[in-house]
Amino acid sequence: MKTLIRKPGTARANAPLDTREIAARLAIIFAGRYQVLRLVGIGGMASVYLVRHRIHHGHFAVKVLHPAHVEQADLLARFRREGLLGARLAGHPNIVPVLDVGEADGLHYLVMPYIRGEDLDHLLARVGPLSFEDSILITTQLNEALLYTWSKGVIHCDLAPGNIRLNEFGQFLLVDFGLASLSRHSRTIPPSRTSHPGTPLYMSPEQILGDHVDIRSDLYALGAILYEMLTGKAAFHGNTLQEIEQNHLTPKLSFSHPRLAAHPGIKPLLQTLLALSPAQRFTDPIALQHALAHLVARPAQPSLRPEIEPERESTAPRRRLSFIKEKAQS
Ligand SMILES: Nc1ncnc2c1ncn2[C@@H]1O[C@H](COP(=O)(O)OP(=O)(O)OP(=O)(O)O)[C@@H](O)[C@H]1O
């Protein structure tokens, strides 16, 4: 498949992306280990392929940096950081870890568990606003992921519905640590007019301004996602990047949307999550965990299921059926 690389950079970065060619090169690189099954999706930085392990038949997602980005030092560094920090974060049920990183035949790749399911942005586009219970349950799961990343000294810095994946068991998982940073290093992200690092709709005021960011910046993004899950509308919208940024920097969010009246505790919760000043937000995920626990008695099981396409690559059930038929006829 040929498509255009969507995100920033040079004329070379706008060259057509030949995912068939990348899949063919991967098939050679991984020849003895994985079978390349199909393209899963294309992002601004990378394309993702479904592969199957040749021995145990487990499925994995291989993410390949767009070849045109390899020569852009900042994008290559971002991809490498995604691999290193993603590997650090293995072991939490709400985080998609990175299992392996590598470079071969000029392709930079990382290997992750394949999460059969749907991204939160697709889910919201498909089903519209979510119930109060589901929204709080998802927020709780994501906050638990943040608690884990925070305990490892990692700040995500790009929490957005497109980086949250719903698996077939109703769990929401955080992916894409390409903009993440280690909290012990003072981090500022320089503002840029053309290629904004992060997803502007969910970006904290301090991140927009290029100030120091810490875990409270991720909690702000989580607040913007909670607002959107409840109302079906982005909290800070706008027609241009400048308008969106201005909305984050001006404290005029009214919280008057009728769906926010579902519970009296929701407005103060959102006000604290989305406070303009980090000093007025929850100090950390533990504080948010307490607030969420007070808000509702947690439902045991989420009610949401992703829209999943049938497993085209699996032929096992058909073989078993024909065997049964043969036995019956003999
Ligand atoms: N582990 C995974 N399992 C299944 N699908 C995945 C996995 N990781 C990524 N994907 C899918 O692959 C597609 C491209 O991935 P992603 O959006 O992370 O690329 P990206 O270039 O890093 O993103 P961005 O545009 O935010 O820079 C998305 O549709 C995503 O849902």
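Calculation rules
- Residues numbered from 1 in each chain as written.
- Predicted model: local features only at pLDDT ≥ 70, side-chain atom pairs only at ≥ 80, totals over all residues.
- Core = buried A, V, L, I, M, F, W, Y, C linked by C-beta atoms within 7 Å.
- Buried ≥ 20, exposed ≤ 12 C-beta atoms within 10 Å, placed from the backbone.
- Helix = DSSP H or I, 4+ residues; strand = E, 2+ residues; numbered from the N terminus.
- Domains from an automatic or database assignment.
- Contact = placed C-beta atoms within 7 Å.
- Nonpolar A, V, L, I, M, F, W, Y, C, P; charged D, E, K, R; others polar.
- Axes fitted to C-alpha atoms, helices over the stretch in contact; angles between N-to-C directions.
- Parallel < 35°, antiparallel > 145°, perpendicular 65-115°, else oblique.
- Left-handed = near helix turned anticlockwise from the far one by under 90°.
- UniProt positions renumbered as here; feature names shortened; annotations may be inferred.

The protein chain appears in an unreviewed UniProt entry as Protein kinase domain-containing protein from Edaphobacter dinghuensis.

Peer 1: I would appreciate a short explanation of the nonpolar core in the present structure.
Peer 2: The tendency in soluble globular proteins is for nonpolar side chains to be buried as a group. Counting 76 residues, the largest nonpolar core has Ala-221, Leu-222 and Ala-224 as the members making the most contacts within it. Broken down by element, this core gets its largest block of residues, eleven residues, from helix H6 (residues 215–231). Two domains share this core, each providing at least three of its residues, namely domain 1 (19–114 + 312–329) and domain 2 (117–293). Beyond its immediate stretch of four places on either side in the chain, Ala-224 contacts Leu-201, Tyr-202, Ala-235, Phe-236 and Leu-274.

Peer 1: How should the domain arrangement of the protein chain be read in this particular structure?
Peer 2: Buried accessible area, meaning the area lost when the parts come together, often serves as the stated size of an interface. Here the domain parsing of the protein chain yields domain 1 (19–114 + 312–329) and domain 2 (117–293). Tallying the contact residues gives 14 residues for domain 1 and 19 residues for domain 2. A breakdown of the residues in the side of domain 1 that touches domain 2 according to their chemical character gives seven nonpolar, three polar and four charged.

Peer 1: Honestly, the packing of helix H4 (residues 132–151) against helix H9 (residues 285–295) in this entry has me stumped. Any pointers?
Peer 2: When two helices pack together, their arrangement is given by the angle between the helix axes and by the axis-to-axis distance. Relative orientation of the contacting elements H4 and H9 amounts to 160 degrees, with a least axis distance of 9 Å. Of the possible angle classes, the one that applies to H4 and H9 is roughly antiparallel. For H4 against H9, the interelement crossing comes out left-handed. For the pair formed by H4 and H9, the contact residues are Ile-136, Thr-139, Thr-140, Asn-143, Leu-146, Leu-147 and Trp-150 on the first element and Pro-285, Ile-286, Leu-288, Gln-289, Leu-292 and Leu-295 on the second.

Peer 1: Explain the UniProt feature "binding site: ATP" (unreviewed entry) in the protein chain here, please?
Peer 2: UniProt feature "binding site: ATP" (unreviewed entry): in the numbering of this structure it lies at Lys-63. Its location among the elements puts Lys-63 in strand E5 (residues 59–65). With 26 C-beta atoms counted inside 10 Å, the residue Lys-63 sits in the buried group. Among all residues touching Lys-63, those that are not within four sequence positions of it are Ala-46, Val-48, Tyr-109, Leu-110 and Met-112.

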